Amino acid sequence: MTAVFRSDVTVTLVRSAAGDADVLFAARVSTSGEASLDELDKDPEKSTGLINYLMRDRHGTPFEHNSMTFLVQAPIFVFREFHRHRAGWSYNEESGRYRELEPVFYTPAPDRKLVQHGRPGKYEFSSGTPEQHAGTVKAMESAYRHSYDAYQEMLAAGIAREVARAVLPVGLFSSMYATCNARSLMHFLSLRTKKENAKVPSFPQREIEMVAERMEAEWAALMPLTHAAFEKHGRVAP
Ligand SMILES: Cc1cc2nc3c(=O)[nH]c(=O)nc-3n(C[C@H](O)[C@H](O)[C@H](O)COP(=O)(O)OP(=O)(O)OC[C@H]3O[C@@H](n4cnc5c(N)ncnc54)[C@H](O)[C@@H]3O)c2cc1C
């Protein structure tokens, strides 16, 4: 198989049941009981105040009554970080035991900042020279080809996939479905994006941030009022 080298990630919203009205009917059960279901047919724009109040005062549970499922294709090192998010997330990932893994590998794009400065937990990055970028890509491609050849040789010799995969690097692409709700997504976004208006700054690795940015764009289209309230209140998950 011919190796493929990618610098991007794939995020596709494959299913969703998520809208601003879902927040409102859940919140209004407090005062209206089952009559709060009427909220689903009303214009949520009229209730931006309630959504803002819930976000500001961190009443988080009304933001859980919705669901989004994403197909994500990204390097394994991104998935290792992603799967640390336990609360309000469900995952299913392709198996290296049950299928032969394809030679799709990550290399940084020319605009990916390569050189780090500062201290752990608060790194700043600068671009690096074209030579550094070319050398990085060359070293990665060479190592990827070498390890994938070894994988193929073991498979050809009759070795089980689950054993042979040990030589494959964390730059190999994998695929997963990830299902979350707006509250768990906001928690993820607060940690995995770096934004000026964040009340609590975070310093995520760029590649998981690329996934997070694409998820955020999908979510913002589904729940614009909730997203606007998240932005307004400093990107703190309620
Ligand atoms: C910039 C950055 C650097 C990182 N560096 C490292 C690192 O060097 N090493 C490392 O191991 N990890 C590292 N992590 C991962 C980090 O420690 C978390 O595992 C990850 O961010 C998931 O956060 P979380 O636990 O809040 O999320 P979730 O697991 O989704 O949990 C969400 C929330 O639920 C509650 N919760 C969940 N489980 C429990 C529990 N068992 N007990 C009590 N409350 C719970 C907490 O309030 C938690 O914030 C890093 C993360 C970031 C963003």
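Worth saying up front: this structure is predicted, and the values here are computed from it rather than measured.

What counts as what
Residues numbered from 1 in each chain as written. Predicted model: local features only at pLDDT ≥ 70, side-chain atom pairs only at ≥ 80, totals over all residues. UniProt positions renumbered as here; feature names shortened; annotations may be inferred. Helix = DSSP H or I, 4+ residues; strand = E, 2+ residues; numbered from the N terminus. Buried ≥ 20, exposed ≤ 12 C-beta atoms within 10 Å, placed from the backbone. Contact = placed C-beta atoms within 7 Å. Near = placed C-beta within 6 Å. Nonpolar A, V, L, I, M, F, W, Y, C, P; charged D, E, K, R; others polar. Core = buried A, V, L, I, M, F, W, Y, C linked by C-beta atoms within 7 Å. Axes fitted to C-alpha atoms, helices over the stretch in contact; angles between N-to-C directions. Parallel < 35°, antiparallel > 145°, perpendicular 65-115°, else oblique.

### Focus on the UniProt feature "binding site: dUMP" (unreviewed entry) in the protein
- Per the UniProt record, "binding site: dUMP" (unreviewed entry) is annotated on Glu81, Phe82, His83, Arg84, Glu93, Glu94, Ser95, Gly96, Arg97, Arg165 and Arg192. In terms of the greatest pairwise C-alpha distance, the residues named above, spread along 112 residues, do not form a single cluster, extending to 29.3 Å across.
- Within the secondary structure layout, Glu81 lies in helix H3 (residues 76-82).
- Looking at Glu81, the number of C-beta atoms within 10 Å reads 16, which means it is partly exposed.
- Ignoring any residue separated from it by four or fewer positions in sequence, one finds Glu81 in contact with Gln205 and Ile208.
- Looking at the element boundaries, Arg192 is found in helix H6 (residues 182-192).
- The contact partners of Arg192, leaving out residues within four places of it in the chain, are Pro204, Ile208, Glu209 and Ala212.

### Digging into the site of the ligand
- Close contacts around the ligand come from Arg84, His85, Arg86, Ala87, His187, Leu191, Ser202, Phe203 and Pro204, and that covers them all.
- Class assignment for the residues of the shell around the ligand results in four nonpolar, three polar and two charged.

### Focus on the environment of Leu37
- Among the secondary structure elements, Leu37 is positioned in the loop between helix H1 (20-32) and helix H2 (48-56).
- Considering only alpha carbons, one finds Leu37 and Tyr53, 16 residues apart in sequence, at a separation of 20 Å.

### Overview of the environment of Leu114
- Secondary-structure assignment places Leu114 in the loop between strand E5 (104-106) and strand E6 (115-117).
- With 15 C-beta atoms packed within 10 Å, Leu114 lands in the partly exposed category.
- The sequence separation of Leu114 and Thr129 amounts to 15 residues, and the corresponding C-alpha distance is 8.8 Å.
- Sequence-distant contacts of Leu114, defined by excluding residues within four places in its chain, comprise Pro108, Ser127, Gly128, Gln132, His133 and Thr136.

### Examining helix H8 (residues 224-232)
- Every buried residue belonging to H8 is among Leu225, Thr226, His227, Ala229 and Phe230, and all of these are buried.
- Residues of H8 that are buried sit in contact with H1, H2, H6 and helix H7 (206-222).
- Positive phi appears at Gly234, one or two residues downstream of H8, with a value of about 80°.

### Some remarks on the nonpolar core
- Grouped together as the largest cluster of nonpolar side chains are 47 residues, with contacts concentrated most on Ile51, Ala74, Ala182, Leu185, Val211 and Met215.
- With residues near it in sequence (within four places) discarded, Met215 still touches Val11, Phe70 and Leu185.

### Focus on H6
- H6 sits mainly inside the fold: 10 of its 11 residues count as buried.
- The inward-facing, buried residues of H6 abut strand E3 (67-75), strand E4 (89-93), strand E8 (173-180), H7 and H8.

### Description of the packing of H1 against H2
- Two elements in contact, H1 and H2, have axes whose closest approach is 10 Å; the angle formed by their N-to-C orientations is 75°. Judged on the interaxial angle alone, H2 and H1 are roughly perpendicular. Contacts between H1 and H2 involve Asp20, Val23, Leu24 and Ala27 from the former and Leu50, Ile51 and Leu54 from the latter.

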